[in-house]
Amino acid sequence: MQITKQEYARRRKALMAQMEPNSIAILPAAQVYIRNRDVEHNYRQDSDFQYLTGFPEPEAVAVLIPGREHGEYVLFCREKDKERELWDGYRAGQEGAISEYGTDDAFPINDVDDILPGLIEGRERVYYAMGANQEFDLRLTNWIKAIRSKARLGAQPPNEFLALDHLLHDMRLYKSAAELKVMQAAAEISAQAHRRAMQTCRPGQYEYQLEAELHYTFMRHGSRSPAYSSIVAAGRNGCILHYTENTAQIRDGDLVLIDAGCELDCYASDITRTFPANGRFSPEQRAIYDIVLAAQEAAFKVIAPGRHWNESHEATVRVITQGLLGLGLLKGELEELMAGESYKRFYMHRAGHWLGMDVHDVGDYRVGGEWRVLEQGMVMTVEPGIYISPDDDSVAKKWRGIGIRIEDDVVVTRTGCDILSSGVPKDPELIEALMAEARESAGAAA
Ligand code: GLY
Ligand code: MN
Ligand code: MN
């Protein structure tokens, strides 16, 4: 499942159509990051760069110059180099950039200091995402200085800098049919991984052993990497929102909270499920679980074109506050508890975020001071949760250490929303049935 060359070309055209006359857009590829000494992190292209080029290599700069006679799309990239390719792998080179990636003109990255100032010179405006890559900010500043220093010789430095990310991030917020297909495929793989984790979980295992089942499933089905660090949190670890150590032993009676999603062709999925390690929810676990599930369902009902971004969050707050009141975990009047944000002790994060090439994807949540109105093709997560601190001695002991989140990926459709990640159960009885069935067949096989 991949974005086609034609779609990358369409995106560049759409961006260039929004650029002011006589302008140039400049985007650097992501840097290579060192993990330790001479070991590098796996390379992941910068999402904006990927969105416009599909070019997967580091040490590259993409340049868009609407109306340029010798081609509007220029790429600087590494030269072919037999020796380096023997050690580090394939490089497209300038020919490959043109034939495989649809660039109009390509130059060696080592020539960028000589050539790019000449491309900038004479353009009125530069579109660039300032502040995202400090090293590149400095290089760009130096190119501009070099042009300015030749002003007396007739060189014309640009007069205006515009935020490229502003235009690009609004484009990225609306997903095309092809993007939705990739995101659906990513969500299906992740759903399968969550099912496998439920099926293979046994008290006594370590959290990272379930992580292995997840990542095995991701890769087995075509994803090269998780979209973010997987959270596998048993028992009280489920109350640590960004727990990624995944080193604890899973005990009988624990809940296991898994927040994990694969990346496919640079698109993220983001799913959370919480299930009982021994296959059966305790009454307290089930009571909290039912509230979180009801909160999520209430949110889905207010996701549709014309509804605003925050309505789904507000819906989850109401159901969670009401539920906690019902259990005696909050005391007082519903409206007052909501207005005073008393629920934040147990539900301290928001109900979701945009989802796309970045797990916390780009796009404004407010426009002109108001919550953004949802439109067809926007993709978001819906992830309410309740976390009762293991150390909170103001609540009865039986509730302490319960951490539950349920998270799905949702696309806004013409009339409402579709759940991309419905391939993994969340109804508590279906979870118990899936786990019981897996145990039975494992028992029969033994
Ligand atoms: N996995 C990150 C998040 O749920 O926001
Ligand atoms: Mn999320
Ligand atoms: Mn998540």
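As the structure is a computational prediction, the values presented were derived from the model and not from experiment.

Peer 1: How do you make sense of the pairing of strand S20 (residues 408-412) when you look at a structure like this?
Peer 2: A regular strand places its side chains on the two faces of the sheet in alternate fashion. Among the five residues that make up S20, five are buried, leaving the element largely enclosed by the rest of the structure. The side-chain alternation of S20 yields two buried faces, one formed by Asp408, Val410 and Val412 and the other by Asp409 and Val411. For strand S17 (residues 379-382) and S20, the ladder comprises four bridges, and the chain directions are antiparallel. Residue pairing across strands places Val379 opposite Val411, the latter belonging to S20. Of the pairings in the sheet, the one linking S20 to strand S21 (residues 417-419) comprises three bridges and is antiparallel in character. In the strand pairing of S21, Val410 is matched with Ile419. Between S20 and S21, which pair antiparallel and follow one another directly, the connecting turn spans four residues.

Peer 1: What should I look at first to understand the coordination of the manganese ion (ligand 3) in this one?
Peer 2: Tetrahedral coordination by four donors puts the ideal angle at the metal at 109.5 degrees, and octahedral coordination by six puts it at 90 or 180 degrees. Taken together, Asp259 (OD), Asp259 (OD), Asp270 (OD) and Glu407 (OE) make up the protein donors of the manganese ion (ligand 3), found 2.0 to 2.4 Å from the metal. Bound by six donor atoms, the manganese ion (ligand 3) shows angles of 57 to 169° at the metal and therefore irregular coordination geometry. Each donor residue of the manganese ion (ligand 3) belongs to the same chain, with the gaps between them written as D-x10-D-x136-E. Between the manganese ion (ligand 3) and the manganese ion (ligand 2), a separation of 3.3 Å is found, and both are coordinated by Asp270. Of this pair, Asp259 sits in strand S11 (residues 255-260) while Asp270 sits in the loop between strand S13 (267-268) and strand S14 (271-276); the two residues are 11 residues apart in sequence, bridging distant segments of the chain. Asp270 carries the same exposure label as Asp259, and that label is buried.

Peer 1: Please clarify how the coordination of the manganese ion (ligand 2) should be interpreted in this entry.
Peer 2: Here the manganese ion (ligand 2) is held by the protein donor atoms Asp270 (OD), His353 (NE2), Glu383 (OE) and Glu407 (OE), which lie 2.0 to 2.2 Å from it. On the primary sequence, the residues serving as donors to the manganese ion (ligand 2) are separated as D-x82-H-x29-E-x23-E.

Peer 1: I'm lost on the site of ligand 1 in this one. Help?
Peer 2: Taken together, Tyr228, Asp259, Asp270, His353, His360, Glu383 and Glu407 make up the full set of residues near ligand 1. In the model, an oxygen atom of ligand 1 is placed 2.7 Å from a nitrogen or oxygen of the His360 side chain. One nitrogen or oxygen atom from the side chain of Glu407 is found 3.2 Å from an oxygen atom belonging to ligand 1. When the free accessible area of ligand 1 is taken as 190 Å², the share hidden by the protein chains comes to 85%.

Peer 1: Would you mind showing me how to read the packing of aromatic side chains here?
Peer 2: The way to describe two aromatic rings as a pair is by their centre distance and the angle between their planes. Evaluation of the coordinates by the stated rule reveals 10 aromatic pairs. When the ring of Phe76 is compared with that of Phe107, the centres are 5.5 Å apart and the planes differ by 35°; the resulting orientation is tilted. Here Phe107 lies in strand S6 (residues 105-108) and Phe76 lies in strand S5 (residues 73-77), a separation of 31 residues in the sequence. In this structure, Phe76 and Phe107 share a single accessibility class: buried.

Peer 1: How should the sheet that holds S21 be read in this particular structure?
Peer 2: In a beta sheet, neighbouring strands are held together by backbone hydrogen bonds and run either parallel or antiparallel to one another. Ordered by their spatial adjacency, three strands build an open sheet running S17-S20-S21, and the pairing between neighbours is antiparallel. Pairing within the sheet leaves two strands with one partner each, and these edge strands are S17 and S21. The average undirected angle you get between the axes of adjacent strands in this sheet is 35°.

Rules of the game
Residues numbered from 1 in each chain as written. Chains lettered and ligands numbered in written order. Predicted model: local features only at pLDDT ≥ 70, side-chain atom pairs only at ≥ 80, totals over all residues. Heavy atoms only, no water. Buried < 20%, exposed > 50% of the residue type's maximum accessible area, 1.4 Å probe, protein only. Helix = DSSP H or I, 4+ residues; strand = E, 2+ residues; numbered from the N terminus. Pairing = 2+ DSSP bridges. Donors = N, O, S within 2.8 Å, 3.2 Å for Na, K, Ca; no water. Tetrahedral: all angles 85-135°; square planar, octahedral: opposite > 155°, others 65-115°. Near = heavy atom within 4 Å. Polar contact = N/O pair within 3.5 Å; in protein donor to acceptor, adjacent residues only side chain to side chain. Areas by Shrake-Rupley, 256 points an atom, 1.4 Å probe, with all protein chains shown as cover. Phe/Tyr/Trp six-rings, centres within 6.5 Å; stacked < 30°, edge-to-face > 60°. Axes fitted to C-alpha atoms, helices over the stretch in contact; angles between N-to-C directions.

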